[in-house]
Amino acid sequence: MDNLEKLRNIGIIAHIDAGKTTTTERILFLAGKIHRMGNVDDGNTTTDYMTQERERGITIVSAAIAFDWKGYRVNLIDTPGHVDFTAEVERSLRVLDGVIMVVCGVAGVQPQTETVWRQAERYGVPRIISVNKMDRVGANLDNAVQTISEKLGANPAVIQVPIGAEADFRGVCDVISGKAYTWGEETDGTDMVESNIPEDLAETVELVRSNLIEIVAESNEEALGKYIENGTLTSDEIKMYLRRACVAGKLVPVVCASAFKYKGIQPLLSAITDYLPSPLDLPPVEGIHPKTKEVIKRNLNSSDPMSALIFKTVSDTFLGSMSYVRVYSGVLKAGSHVSNSTTGKKERIMRCLHLFADHREDVDQLEAGDIGGILGLKQSHTGNTLHDPSHPISLERMEFPEPVISQTIEPQTRGELDKVIKVLRSYAMEDPTFVIKNDEETGEIIISGMGELHLDIMVSRMKIEHKLDVRTGVPQVSYRETIGKEVTSRGRYIRQTGGKGQYGDVTLRIYPIPDGNLEFSSSVGGDKIPEQYLKDIELGVKDAMMSGKILGYPVVRLGVEVVDGSFHDVDSSSIAYRQAASIAIRDGFSKAEPVLLEPIMSLQVIVPEEYLGDVMAGLNKRRCKVQSMELQGNSQVISALAPLSEMFGYATDLRSATQGRGTHSMEFKKLEVTPPDVRDKVVLAIRGIPWQQ
Ligand code: GDP
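In this text, all values refer to a predicted model and were calculated from it rather than measured experimentally.

Asks: Explanation requested: the sheet that holds strand β32 (residues 518-522) in the structure shown.
Replies: Remark on secondary structure: sheet strands pair via backbone hydrogen bonds, oriented parallel or antiparallel. Overall, mixed pairing links the four strands, which are arranged β30-β31-β33-β32 in an open sheet. Each edge of the open sheet is held by one strand with a lone partner, namely β30 (487-495) and β32. Strand-to-strand, the axes of this sheet are offset by a mean angle of 25°, without reference to chain direction. Judged from the five bridges that link them, β32 and strand β33 (residues 558-566) form a sheet pairing that is parallel. By the bridge assignment, Ser 521 is partnered in β33 with Glu 561.

Asks: Whenever I open this one, the site of the ligand confuses me. Can you help?
Replies: The environment of the ligand is formed by 15 residues, the closest being Asp 17, Lys 20, Thr 21, Thr 22 and Asp 135. Between the ligand and Thr 22, the relevant distance is 2.5 Å, taken from an oxygen atom to a side-chain nitrogen or oxygen of the residue. At a separation of 3.2 Å, an oxygen atom of the ligand approaches a polar side-chain atom of Lys 133. In isolation the ligand offers 570 Å² of accessible surface; the protein chains occlude 73% of this area. The biggest single contributor to the shell around the ligand is helix α1 (residues 20-37), with three residues. When grouped by side-chain class, the residues that make up the shell around the ligand number four nonpolar, six polar and five charged.

Asks: Please explain the pairing of strand β12 (residues 285-288) as it appears in this structure.
Replies: Regular strands have side chains that alternate between both faces of the sheet. Judged by which residues are buried, β12 turns out to be one-sided: Val 285 and Gly 287 face inward and are buried, whereas Glu 286 and Ile 288, on the alternate face, are not. Summarising the sheet, β12 and strand β13 (residues 295-298) pair through four bridges and their orientation is antiparallel. If you follow Gly 287 over to β13, its bridge partner there is Ile 296. The loop that links β12 with its antiparallel partner β13 comprises six residues; one of these, Lys 293, has a positive phi angle of about 65°.

Asks: Could you clarify how one ought to interpret helix α11 (residues 452-466) in this entry?
Replies: Taking 1.5 Å of rise per residue, 15 residues should cover 21 Å, and α11 covers 21 Å from first to last C-alpha, within 8% of that figure. Those residues of α11 lying buried are His 454, Leu 455, Ile 457, Met 458, Val 459, Arg 461 and Met 462. The elements touched by buried residues of α11 are α3 (87-95), β24 (405-411), α10 (417-430), β26 (445-449) and β27 (470-472). Positive phi shows up at Lys 467, right after α11, with a value of about 55°.

Asks: Before we go on, may I ask you to explain the packing of α10 against α11 in this structure?
Replies: How two helices sit against one another is set out by the angle between their axes and by the gap between those axes. It is at 11 Å that the axes of α10 and α11 come closest, and there the two elements cross at 115°. The chirality of how α10 crosses α11 is right-handed. Counted together, Lys 419, Val 420, Val 423, Leu 424 and Tyr 427 of α10 and Met 458, Arg 461, Met 462, Glu 465 and His 466 of α11 form the full contact between these two elements. Partitioned by chemical class, the residues of the contact of α10 with α11 number six nonpolar, one polar and three charged.

Asks: Would you explain the layout of surface pockets in this entry?
Replies: Gaps between atoms show up when a probe of the same size as a water molecule is rolled over them. As a volume, the second largest pocket reaches approximately 1,500 Å³. When residues of the lining of the second largest pocket are traced back to their parent elements, those giving at least two are β24, β25 (435-438), β26, β28 (476-477) and α12 (534-546). Residue composition of the lining of the second largest pocket, by class: 18 nonpolar, eleven polar and eight charged.

Asks: I keep staring at the side chain of Thr 382 and nothing clicks. Help me out?
Replies: Here Thr 382 shows up in the loop between β22 (371-375) and β23 (385-387). Within polar-contact distance, the side chain of Thr 382 engages the side chain of Thr 313 at 2.9 Å. One polar contact links Thr 382 to Glu 430, side chain to side chain, over a distance of 3.0 Å. Look past the residues within four positions of Thr 382 in its chain and what remains in contact with it is Arg 91, Ile 310, Phe 311, Lys 312, Thr 313, Met 429 and Glu 430.

Asks: Help me understand the sheet that holds strand β5 (residues 127-132) in this model?
Replies: Spatially, β2-β3-β1-β4-β5-β11-β6 is the arrangement adopted by the seven strands of the open sheet, whose pairing is mixed. Strand pairing shows two members of the sheet lacking a second neighbour, β2 (64-69) and β6 (156-158), which therefore form its edges. Each adjacent strand pair in this sheet contributes to an overall mean axis angle of 30°, direction not counted. As defined by bridge partners, strand β4 (residues 98-104) adjoins β5 across six bridges and the pair is classed as parallel. Each residue of the ladder has a partner; that of Ile 100, found in β5, is Ile 128.

Asks: What should I look at first to understand the packing of helix α6 (residues 202-218) against helix α8 (residues 235-247) in this one?
Replies: Contact geometry of α6 with α8 gives a least axis separation of 10 Å together with a crossing angle of 50°. Taken together, the axes of α6 and α8 lie oblique to each other. Judged by the sense of rotation from one axis to the other, the crossing of α6 with α8 is left-handed. Residues Arg 209, Leu 212, Ile 213 and Val 216 of α6 lie in contact with α8, whose contacting residues are Ser 235, Ile 238, Tyr 241 and Leu 242. Considering only residue class, the contact of α6 with α8 consists of six nonpolar, one polar and one charged.

Asks: Just checking my understanding: could you explain the pattern of salt bridges for this structure?
Replies: Side chains carrying opposite charge are able to pair once their charged atoms draw close together. One pass over the full model with this rule turns up 27 salt bridges. Between Asp 281 and Arg 243 there is a salt bridge whose closest N-O contact spans 2.7 Å. Placement of Asp 281 in the loop between α9 (265-275) and β12 and of Arg 243 in helix α8 is noted, with a sequence separation of 38 residues between them. Given the relative accessible area of 18%, Arg 243 is considered buried. We note a salt bridge from Asp 469 to Lys 463, for which the minimum N-O separation is 3.3 Å. When its relative accessible area of 35% is taken as the criterion, Asp 469 is described as partly exposed. Judged by relative accessible area, Lys 463 falls into the partly exposed class, the value being 48%. Via salt bridges that share partners, Glu 486, Arg 509 and Glu 561 belong to a single interconnected network.

Definitions and cut-offs
- Numbering of residues starts from 1 in each chain and follows the order in which that chain's sequence is written.
- Whole-chain, interface and lining totals are the exception, using all residues; otherwise, since this is a predicted model, local features are given only for residues with pLDDT of at least 70 and side-chain atom pairs are given and counted only at 80 or more.
- For side-chain calculations, the full set of non-hydrogen atoms in the structure is used, while hydrogens and water are omitted.
- Strand pairing is assigned whenever DSSP identifies at least 2 bridges connecting the two strands.
- Put simply, DSSP marks the helices as runs of H or I at least four residues long and the strands as runs of E at least two long, and each gets a number from the N terminus on.
- Here an axis means a line fitted to C-alpha atoms, over the contact stretch when the element is a helix, while the angle between two N-to-C directions is reported on a 0 to 180 degree scale.
- One heavy atom within 4 Å of a molecule or strand is enough for the residue carrying it to be called near that molecule or strand.
- Nitrogen and oxygen atoms within 3.5 Å of one another constitute a polar contact, given that in protein one can donate a hydrogen and the other can accept it, and given that sequence-neighbouring residues count only through two side-chain atoms.
- Computed with the Shrake-Rupley method and a 1.4 Å probe, the accessible areas treat only the protein chains shown as cover for residues.
- Under the scheme applied here, ten amino acids are nonpolar (Ala, Val, Leu, Ile, Met, Phe, Trp, Tyr, Cys and Pro), four are charged (Asp, Glu, Lys and Arg), and all others, including Gly, are polar.
- For the exposure calls, accessible area comes from a 1.4 Å probe over protein chains only, and a residue counts as buried if that area is under 20% of its type's maximum, exposed if over 50%, partly exposed in between.
- The length a helix should cover is 1.5 Å for every residue beyond the first.
- Contacts: residue pairs with any heavy atoms within 4.5 Å of one another.
- Handedness of a crossing follows from how the near helix is turned relative to the far one, being left-handed for an anticlockwise turn of less than a right angle and right-handed for a clockwise one.
- Only protein atoms enter the 1 Å grid used here. Points where a 1.4 Å probe fits but cannot escape make up a cavity, open sets with protein on both sides within 12 Å along at least five of seven lines make up a pocket, and a residue lines them when an atom lies within 4 Å of a point.
- Grid points are joined across faces, edges and corners, and a volume is the space filled by probe spheres set on the points.
- Here roughly perpendicular refers to angles of 65 to 115 degrees, roughly parallel to angles under 35, roughly antiparallel to angles over 145, and oblique to all remaining angles.
- When a carboxyl oxygen of Asp or Glu is within 4 Å of a side-chain nitrogen of Lys or Arg, the pair counts as a salt bridge.

This is the structure in structure tokens:
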């Protein structure tokens, strides 16, 4: 790809059933067909074509597919189908530069659409919207557009007028070019006809066009200047400024289609290339230095040092293990050596591939902005960064939120235990917020994640992808422990019984910090404790933090300063200081007013007005704190902070309280001190005795 300007890295997101799969299929079919039409002489017979079609059925589900459209290269990247807050969603939003949001022409914006929309917004990913299912009874572009502004708070810029409605939906008018595009009744999309705007729609088209010109003019100073000067904007100007506004996230171009009937797909493809950004339109990518943690920026071009993110690892029947990468800067060459910022190891790139719907192509290199497959990696995983060995950078953050919920899991048949563990490990490798552990005491396997839904998804993936049936235990909240006040605590580990002894002596000031896990520092001189032992003291602190004092939950938000100590010329050792530090923390912890912290989720509930009273009462009972309420159409959107421990089974309760019409979504927000009465219950349930320090 020598012209980055003509590259688009995009993904499709949608509420389930809105038509994401169908739209993807149609795009690949039509882009492939056009691409291939130039090659009729190469002997593409119908049967050839059908075999390719069948193959495509398989590749459609792969992580990224490239296709060409009118001189542009488009990489279509698969986005996770669910909306829980996971590393996977975050990663896919990072890899793509623009998004097509498919919404249903009948239902308009649906609740889950909102959640995904907010995520895309948070990552500043430019978006266009395709209002799909225009052929269905009740489909209405104006209504759908209204939900876009009301529910998403977005500024829709409608660029089409539908021709015919519902079963009679025949095509679209492009209000910018002033052309109409129509398809026959029984079409596979290839019979598109371009013509002038039908007379009966001329007035509507004019109205939509002047609306469009106004909002485009308002989106940009320069455009406004031109508009005021000339009283209008030319078609080229509308396109140019709409593109800028879309890239800046100020306006969202809206088109309409019936993916199922193959209508409106080519104009959608043009909207992708016209309005979604090329890598050159985007700011430099930010990463951190894997050692110093300093923030590093790389320009998205081929002259900066190479950096690439592995966003998916798959095993391919023919190729073995293949990694999908996005190259952000520099050039990734086949045959070259690169470093992995997570493992610190070097890897050799054996082959670089471009992956199309129906074939793959070996290429010498993948350049900045490019997406492709690489072969030959031995110890690299999804989420790892590959970089030029002399210019280290880590593109994915190295610290992820700790899981907040866990449950036991076991196979239905004992013989499948190894397979279950293997699959779970592979999931954990890809998603750092999903953790698998073996409980040493009970021998059970425990999975932990970011919410009930997150764990449910992993369990159903095992069933779908590997036909593994498992039993799961009741989900448990992962509490944390911390301290309420500052104390100073001394720990000594001294053994002097003949021969070489052990001598560690350290005094620590321990104090609560507002955030994070551990803040470690030292103010003692080398005359009291030789500097080399400070890292052992830090390790000892971490040992003690792993198994908290109250109930054995991990300790967080702890500040530790080494303030005093002593050493022995002969007997002092790493082990002795590590032990001494652990002792100091454990003793100090009980004097420092230990506190139990619980995960608080940010909750969004959307319910029709008439159920508001019941739903609010339910939230009160679950200790939820309502933050805001907003009327959208005839639904109330409630935002609240919800203690995770109270939210089990909420989906079922909400359904029965609203006759199935309420929806909710939830993600981890923060840790908060557990109120005393709740804390006492938790402690009683686990220890069998009430709270005591
Ligand atoms: P996804 O869940 O978003 O991937 O949605 P699918 O593409 O699987 O579509 C869900 C259902 O809607 C399927 O039964 C499709 O055949 C149907 N569908 C998709 N697009 C259209 C459309 O444009 N018109 C109509 N009438 N049905 C559609």
